[in-house]
Amino acid sequence: MTIAQIHQLFLESNTVCTDTRKIKKKDIFFALKGENFNGNTYAEKALELGASYAIVDEKEFKTSEKHILVNNALKTLQELASYHRKYLGIPIIALTGSNGKTTTKELINSVLSSSFKTTATIGNLNNHIGVPLTLLSMSKDTQIGIVEMGANHQGEIEFLSSITSPDYGYITNIGKAHLEGFGGIDGVLKGKTELYTYLKNNNKLVFLNSDDKKLQNASLGINTYTFSTSSKTDVTIQLTETNPNVKATYQNLTINSNLVGAYNFTNIAAAITIGRYFEIDIQLIKNAIESYIPKNNRSQILEKGNHTIILDAYNANPTSMDAAISSFTQLNHSHKVVFLGDMFELGEAAALEHQNIADIISNTNVNEIYLIGSNFFLTQCKDPRIKKFKSYEDLMSNWSLENKKDAILIKGSRGMQLERILELL
């Protein structure tokens, strides 16, 4: 069966699904494989639960006309998504970067959905499976698509761009994320700017933060629509305040966000810029950004007892950790407490980068510092404010916090699950 024929079945169905626990009637089930599972073994169950068809890639599991046998179910899913994207013919914005992708995507979606019917990546479904699922969630009613792309090694963004065929692209920043897979910071730059390469080769447009010299240099020769804090770009936006919420000023209009940390200013600025490119009214942009509430442990401000907590425990790398610490130390609180968890996927740079963060936090005005995880535990720290724990469980058994009126920062990689610290407060 050709991709065109499968696409016709898709149009007649509800949507696609890769998990029988989430199957709905008239879905098309794709039997994907993982390290610990074989989706082919669930194909029959998917049909029993109401799926219209099951895409399988092992002959023994094709037992009826509703089982469609292909060479590779994952590749077929990706090809179907690419075909569907071309079928829709709508403008699509793709974004990637080391930090802030999901927050920026949510802000852009909030702004654009004030005037257009949008479909955006749900959560952080931004990999070789998530991007196809995002594209296949778009319909003829969608006026603008917003696709987040994640990567941890070179070639991924190039591949995801080939599936998505974006008309516009935005890179949030280039930081020390996934150093192990990219092979260092130069590898991160090369990998992320594969989006620029696609846009340049296809004469498309880049939304560019002109204050970022790395990205400005990488975008030479490409069509751009720019923003910065200076007056030499298409859109000029000023950072007004970060204590604790970020406030920005655009054309004498102050936008009061629910985001914390100066590092979120460029995320807000990008959303304003893209909104203006699509000619959205300034007041609508302001309302959209001010109505966005961060969630999923991303730059959340929580009040718990006497504590003002900044929960940023969804992910961490050296760049985002440094930015979070810098922003936190500027808060107007007399007593500051920091919990930092290990940063993952740093490879050979892990020891050096964790030591760098330990040194950075030692040179701040923070009153109490808790470093958690096997990498932080090995750092050399003589600062009496610093206490180190091998794991969260170690912290839980050996720690107590005085009930002062504290400002607390919780930051670490997803695998550390530092949101559990809330249970201790």
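Looking up the chain in an unreviewed UniProt entry gives the name UDP-N-acetylmuramoyl-tripeptide--D-alanyl-D-alanine ligase, with the organism given as Aquimarina algiphila. In the Subcellular location (unreviewed entry) part of its UniProt record, the chain is described as follows: "Cytoplasm". The heading Catalytic activity (unreviewed entry) in the UniProt record of the chain holds the text "D-alanyl-D-alanine + UDP-N-acetyl-alpha-D-muramoyl-L-alanyl-gamma-D-glutamyl-meso-2,6-diaminopimelate + ATP = UDP-N-acetyl-alpha-D-muramoyl-L-alanyl-gamma-D-glutamyl-meso-2,6-diaminopimeloyl-D-alanyl-D-alanine + ADP + phosphate + H(+)".

(A) Highlighting the overall build of the chain. Assigned secondary structure in the chain consists of 16 helices and 22 strands. Referenced to the eigenvectors of the C-alpha coordinate spread, the extents of the chain come out at roughly 70 × 50 × 40 Å. Across the 425 residues in the chain, those meeting the buried criterion constitute 54%. Long-range pairs, those at least 24 residues apart, make up 62% of the contacts in the chain between residues at least 6 apart in sequence. Of the roughly 18,700 Å² of accessible surface on the chain, a fraction of 47% belongs to carbon and sulfur atoms. Averaging the positions of the 42 positive and the 43 negative side-chain charges in the chain gives two centres separated by 2 Å.

(B) Spatial organisation of the sheet that holds strand β1 (residues 16-17). As summarised here, the arrangement of the 4 strands in space is β1-β2-β5-β6, forming an open sheet in which the pairing is parallel. Of all the strands in the sheet, just β1 and β6 (67-69) have a single pairing partner and so form its edges. Of the strand pairs in this sheet, strand β2 (residues 28-30) and strand β5 (residues 53-56) are connected by 3 bridges, and their pairing is parallel. Looking across to β5, one finds that Ile28 is bridged to Tyr53. In the packing of helix α3 (residues 73-88) onto the sheet, contacts are made with β1, β2 and β5, and the angle to β2 comes to roughly 130°.

(C) A look at the UniProt feature "binding site: ATP" (unreviewed entry) in the chain. The UniProt record marks Gly97, Ser98, Asn99, Gly100, Lys101, Thr102 and Thr103 with the feature "binding site: ATP" (unreviewed entry), using the residue numbering of this structure. Along the chain, Ser98 falls in the loop between β7 (92-96) and α4 (101-112). Ser98 sits in the buried class, given a relative accessible area of 8%. Excluding anything up to four places from it in sequence, Ser98 contacts Thr172, Asn173, Ile174, Gly175, Ala177, Val188, Lys192 and Asn317. Looking at where Gly100 falls in the secondary structure, it is placed in the loop between β7 and α4. Its relative accessible area of 27% is what places Gly100 among the partly exposed residues. Apart from the residues lying within four places of it in its own chain, the contact partners of Gly100 are Thr172 and Asn267.

(D) How the structure looks around the sheet that holds strand β10 (residues 168-171). If you trace the 7 strands from one edge of the open sheet to the other, you get β8-β9-β7-β10-β11-β12-β13, paired in parallel fashion. If you trace the sheet from one side to the other, it starts and ends with β8 (118-120) and β13 (235-236), each paired once. Across 5 bridges, strand β11 (residues 205-209) lies against strand β12 (residues 223-228) in parallel orientation. Looking across to β12, one finds that Leu208 is bridged to Thr226. Sheet strands touched by α4: β7, β8, β9 (144-148) and β10. Its angle to β9, the strand with the most contacts, is close to 170°.

(E) Seen up close, the side chain of Gln78. Mapped onto the fold, Gln78 is located in helix α3. According to the relative accessible area criterion, Gln78 is buried, its value standing at 10%.

(F) Main features of the packing of aromatic side chains. Throughout the structure, instances matching the rule amount to 11 aromatic pairs. With a centroid separation of 5.0 Å and an interplanar angle of 70°, the aromatic rings of Tyr225 and Tyr277 are classed as edge-to-face. Of the two residues, Tyr225 sits in strand β12 while Tyr277 sits in helix α11 (residues 265-277), which places them 52 residues apart along the sequence. Under the relative-accessibility criterion, Tyr225 is labelled buried at 17%.

What counts, and at which threshold
- Residues numbered from 1 in each chain as written.
- Predicted model: local features only at pLDDT ≥ 70, side-chain atom pairs only at ≥ 80, totals over all residues.
- Heavy atoms only, no water.
- UniProt positions renumbered as here; feature names shortened; annotations may be inferred.
- Helix = DSSP H or I, 4+ residues; strand = E, 2+ residues; numbered from the N terminus.
- Buried < 20%, exposed > 50% of the residue type's maximum accessible area, 1.4 Å probe, protein only.
- Contact = heavy atoms within 4.5 Å.
- Areas by Shrake-Rupley, 256 points an atom, 1.4 Å probe, with all protein chains shown as cover.
- Lys, Arg positive; Asp, Glu negative; His and termini not counted.
- Charge placed at Lys NZ, Arg CZ, Asp CG, Glu CD.
- Pairing = 2+ DSSP bridges.
- Axes fitted to C-alpha atoms, helices over the stretch in contact; angles between N-to-C directions.
- Phe/Tyr/Trp six-rings, centres within 6.5 Å; stacked < 30°, edge-to-face > 60°.

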